[in-house]
Amino acid sequence: MQIENEVFMIKCSESDETFAREILESLEREQKRIMDFFGIEKLSKKVEIIFYNNLQDFIDLRTENGKYPERYQGWNVATVKNGNIHILNFDLYKNAPQHEDTTLEDYKKVLVHEFVHSCHEEILLNKSIMPALIMEGIATQLSEQTKYDLNRKIEYDPQDLTKNFYNIKFCYVFAYEIMGYLMATKSHEDLLRILREPHKIDVEDLVNKTNEFIENKQSLQK
């Protein structure tokens, strides 16, 4: 069955209807804030949200070159594909060891996170170049996933962050910190310029400035 508004269309089983309506209400509270941030009045199409009640179906979606990538195993519960959100249902989400202590509010933030990706894709000038560091940074910040707010200095080679992002430990923490620095130091206009062409950013310079920003925050907290 389908439950929808002007922005979202949720595809779910009848048994998930009550849950799907709760999710839609939660997203409706966030959609204007996210779209306004990106300067979007109307999306090019509705964002479909597909709940997966079967883990293998989700694995099949995420399989690349005939293999389910190691970087996805155990923790990956949602993805955006062609602007649409694919996500495990809440019970399967909780079954993953990495997510067993998380709450329904955490799950809702994952959906907001994925919606940020959908909106970000709308403004990208080159959709074939989407650096994960910047995309995950803005998604973790705008979805208010404060669990990543650890004030942790970035101790990885910038090239690894660019080319090997999802295989790096604490990758989402680093993305959150980097975007936190940008949001604190750039005008909204400059930030949107970066988000439109994130591949143009100097990652080494960005890492160094983010670490300085973190050091300053740490010194103020002492």
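Read on for an overview of the structure. It should be emphasised that the depicted structure is a prediction, and the values quoted were computed from it without experimental measurement.

Analysis parameters
- Residues numbered from 1 in each chain as written.
- Predicted model: local features only at pLDDT ≥ 70, side-chain atom pairs only at ≥ 80, totals over all residues.
- Heavy atoms only, no water.
- Pairing = 2+ DSSP bridges.
- Helix = DSSP H or I, 4+ residues; strand = E, 2+ residues; numbered from the N terminus.
- Axes fitted to C-alpha atoms, helices over the stretch in contact; angles between N-to-C directions.
- Contact = heavy atoms within 4.5 Å.
- Salt bridge = Lys/Arg side-chain N within 4 Å of Asp/Glu carboxyl O.
- Buried < 20%, exposed > 50% of the residue type's maximum accessible area, 1.4 Å probe, protein only.
- Expected span 1.5 Å × (residues − 1).
- Parallel < 35°, antiparallel > 145°, perpendicular 65-115°, else oblique.
- Nonpolar A, V, L, I, M, F, W, Y, C, P; charged D, E, K, R; others polar.
- Polar contact = N/O pair within 3.5 Å; in protein donor to acceptor, adjacent residues only side chain to side chain.

## Some remarks on the sheet that holds strand S1 (residues 2–4)
Then, in step 1: Strand order in the open sheet formed by five strands is S1-S2-S3-S5-S4, and the pairing between neighbours is mixed. Strands with a single pairing partner mark the edges of an open sheet, and in this sheet they are S1 and strand S4 (78–81). For this sheet, the mean inter-axis angle between neighbouring strands, taken without regard to orientation, is 20°.
Then, in step 2: Contacts between helix H1 (residues 17–38) and the sheet are confined to S1, strand S2 (8–11) and strand S3 (47–52), with S2 contributing the most and set at about 160° to the helix.

## Comments concerning the pattern of salt bridges
Then, in step 1: The final tally for this structure, using the stated rule, is 13 salt bridges.
Then, in step 2: Residue Glu22 pairs with Lys108 through a salt bridge whose shortest N-O separation is 3.1 Å. You can see Glu22 sitting in helix H1 and its partner Lys108 sitting in helix H4 (residues 104–123), a full 86 residues away along the chain.
Then, in step 3: Take Glu22: its relative accessible area is 34%, and that puts it in the partly exposed class.
Then, in step 4: By relative accessible area, Lys108 is classed as buried at 8%.
Then, in step 5: Measuring nitrogen to oxygen at the nearest pair gives 3.0 Å for the salt bridge that ties Glu197 to Lys200.
Then, in step 6: What makes Glu197 partly exposed here is its relative accessible area of 24%.
Then, in step 7: Judged by its relative accessible area of 57%, Lys200 is exposed.

## Considerations on helix H7 (residues 171–185)
Then, in step 1: Relative to the 21 Å expected for 15 residues at 1.5 Å per residue, H7 spans 21 Å between its end C-alpha atoms, a close match to the ideal helical length.
Then, in step 2: Within the span of H7, buried status applies to Cys171, Tyr172, Val173, Phe174, Ala175, Tyr176, Glu177, Ile178, Met179, Gly180, Tyr181 and Leu182.
Then, in step 3: Where the residues of H7 are buried, they touch H4, helix H5 (132–142), helix H6 (158–163), helix H8 (188–196) and helix H9 (203–221).

## Looking at the pairing of S4
Then, in step 1: In this structure, S4 lies alongside strand S5 (residues 84–88), joined through four bridges in antiparallel fashion. In the strand pairing of S5, Lys81 is matched with Asn84.
Then, in step 2: The antiparallel hairpin formed by S4 and S5 contains two residues in its connecting segment, where Asn82 sits at a positive phi of about 55°.

## Quick notes on the packing of H7 against H9
Then, in step 1: It is the contact of H7 with H9, at a shortest axis distance of 9 Å, that shows an interaxial angle of 80°. By the angle class used here, H7 and H9 are roughly perpendicular. Contacts from Glu177, Ile178, Gly180, Tyr181, Leu182 and Ala184 in H7 reach Leu206, Val207, Lys209, Thr210, Phe213, Ile214 and Lys217 in H9.
Then, in step 2: Of the residues that constitute the contact of H7 with H9, the class distribution is eight nonpolar, two polar and three charged.

## A word on the environment of Gln218
Then, in step 1: Locating Gln218 in the fold gives a position in helix H9.
Then, in step 2: The partly exposed category is assigned to Gln218, whose relative accessible area is 28%.
Then, in step 3: C-alpha separation for the pair Gln218 and Glu105, spaced 113 residues apart in sequence, amounts to 28 Å.

## Observations regarding the environment of Ser15
Then, in step 1: With respect to the helices and strands, the residue Ser15 is situated in the loop between S2 and H1.
Then, in step 2: Ser15 sits in the exposed class, given a relative accessible area of 68%.
Then, in step 3: Ser15 sits 14 residues away from Met1 along the chain, and the two C-alpha atoms are 9.8 Å apart.
Then, in step 4: Polar side-chain contacts of Ser15 include one of 2.9 Å to the side chain of Ser13.

By themselves, these are just geometric observations and shouldn't be taken as functional.
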